[in-house]
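Architecture and fold: a report
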Amino acid sequence: SIAAFERTRVFQPFTSKFDHVMRGQAMFTEREQRGLNLFVQPQKGNCAHCHSVDAASREPRKSLFTDFSYRALGLPRSARIPKNADPAFFDLGLCQRVPVSVSGLPVPTARPPVTNPAHCGLFKTPTLRNIAITAPYMHNGFFDTLRDAVAFYATRDTHPARWFTAGVKFDDLPARYRANVDVDTPPYQRRPRQGPQLSNSEIDDIVEFLYTLTDGYQPARK
């Protein structure tokens, strides 16, 4: 029944401005178009590397803005999560498994066992559709604004002090798992002595484009 509901237009209306533009029913502003261009360019935002989009297709279902993969982004530790008050607590993401009984029900346990250290710190790539109305952002809710979330991608490795306290990068992971964090995929390949791959105005352009992914857009009548 849940699967049947998720296939209905109530669950997946595809009525954002982006969808209307792809169907030839609306036009992006110059800033929104720049944002899309930056979003897909590998040597700029490179957002589409994980948040898949087919900007040449008129079919919205080909642009779900997620590739359903898991990634380790090395987010800052979030003080808004009560369990994080315990410095020994870490949400390890994909590598944590809750044991399942023969009946298929989870077995109560104080802490799920680590089953694959290479998966620690990896979390599923979410869709960006309707992202403008789903704050706070990231799996731990660290970012209150969409702009900060985008800026983190661009400056995590060039200006780490902006995000991490006490000079410890990737402080929401135990040290032994920090090697799992992606430091090679653009824009993460930049280093502190290099400038960010995106300027402030380019970050603003990408955010402006992300606003076009909200369902319920009404194109102007001619």
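Structural data are supplied above this passage.
The text that follows walks through the structure, step by step, so that each part is easy to find. What you see is a predicted model, and the numbers here were worked out from it, not measured in a lab.

1. Observations concerning the state of the cysteines
Enumeration according to the criterion identifies 1 disulfide in this entry. Free of any disulfide, C47 has its nearest cysteine sulfur in C50, 9.1 Å distant. With relative accessibility at 18%, the residue C47 sits in the buried group.

2. Description of unusual backbone geometry
Most peptide bonds are trans, and most residues other than glycine sit at a negative phi. Here the bond from A135 into P136 is cis, since omega is 0°, no more than 30 degrees from zero. Note that P136 resides in the loop between β2 (123-124) and α4 (146-155). Phi at F14 takes a positive value of approximately 55°, unusual for a residue other than glycine. We note that N130 has phi near 65°; this positive angle belongs to a residue other than glycine. On the secondary structure map, N130 appears in the loop between β2 and α4.

3. Section: the nonpolar core
Judged by nonpolar contacts, the single largest core of 44 residues is most densely connected at F18, F39, F65, I206, F209 and L210. Elements that contribute at least two residues to this core include exactly α2 (17-22), α3 (30-40), α4 and α5 (200-210). Per element, the largest residue contribution to this core is 6 residues, and it comes from α4. Excluding anything up to four places from it in sequence, I206 contacts G35, L38, F39, G45, C47, V150 and L198.

4. Things to note about the side chain of S69
Here S69 is to be found in the loop between α3 and β1 (70-71). S69 gets classed as buried once you look at its relative accessible area, which sits at 16%. In this structure the side chain of S69 is engaged in a polar contact, spanning 3.2 Å, whose partner is the side chain of R71.

5. Describing the packing of α3 against α5
Geometrically, a packed helix pair is captured by the angle between its two axes and the distance between the axes. The contact between α3 and α5 brings their axes to 7 Å, and the two run at 100°. Taken together, the axis directions place α3 and α5 in an arrangement best described as roughly perpendicular. Along the contact surface, α3 presents R31, E32, R34, G35, L36, L38 and F39, while α5 presents S201, E202, D204, D205, I206, E208, F209 and L210. Grouping the constituent residues of the contact of α3 with α5 by class yields 6 nonpolar, 2 polar and 7 charged.

6. Here we look at the layout of surface pockets
Here the largest pocket is characterised by a volume of approximately 740 Å³. Taken together, 40 residues make up the lining of the largest pocket; nearest its centre are H51, L73, P126, M138 and Y153. For the lining of the largest pocket, the secondary-structure elements that each account for two or more residues are β2, α4 and α5. Of all the elements, α4 adds the most residues to the lining of the largest pocket, at 5 residues. The space that makes up the second largest pocket amounts to roughly 270 Å³. Lining the second largest pocket are F11, Q12, P13, F14, L64, T66, F68, T127, R129, N130 and D215.

The rules behind each value
- Residues numbered from 1 in each chain as written.
- Predicted model: local features only at pLDDT ≥ 70, side-chain atom pairs only at ≥ 80, totals over all residues.
- Heavy atoms only, no water.
- Disulfide = S-S within 2.5 Å.
- Buried < 20%, exposed > 50% of the residue type's maximum accessible area, 1.4 Å probe, protein only.
- Helix = DSSP H or I, 4+ residues; strand = E, 2+ residues; numbered from the N terminus.
- Core = buried A, V, L, I, M, F, W, Y, C linked by side-chain atoms within 4.5 Å.
- Contact = heavy atoms within 4.5 Å.
- Polar contact = N/O pair within 3.5 Å; in protein donor to acceptor, adjacent residues only side chain to side chain.
- Axes fitted to C-alpha atoms, helices over the stretch in contact; angles between N-to-C directions.
- Parallel < 35°, antiparallel > 145°, perpendicular 65-115°, else oblique.
- Nonpolar A, V, L, I, M, F, W, Y, C, P; charged D, E, K, R; others polar.
- 1 Å grid on protein atoms, 1.4 Å probe; cavity = no way out; pocket = protein on both sides within 12 Å on 5 of 7 lines; lining within 4 Å.
- Points joined across faces, edges and corners; volume = space filled by probe spheres on them.

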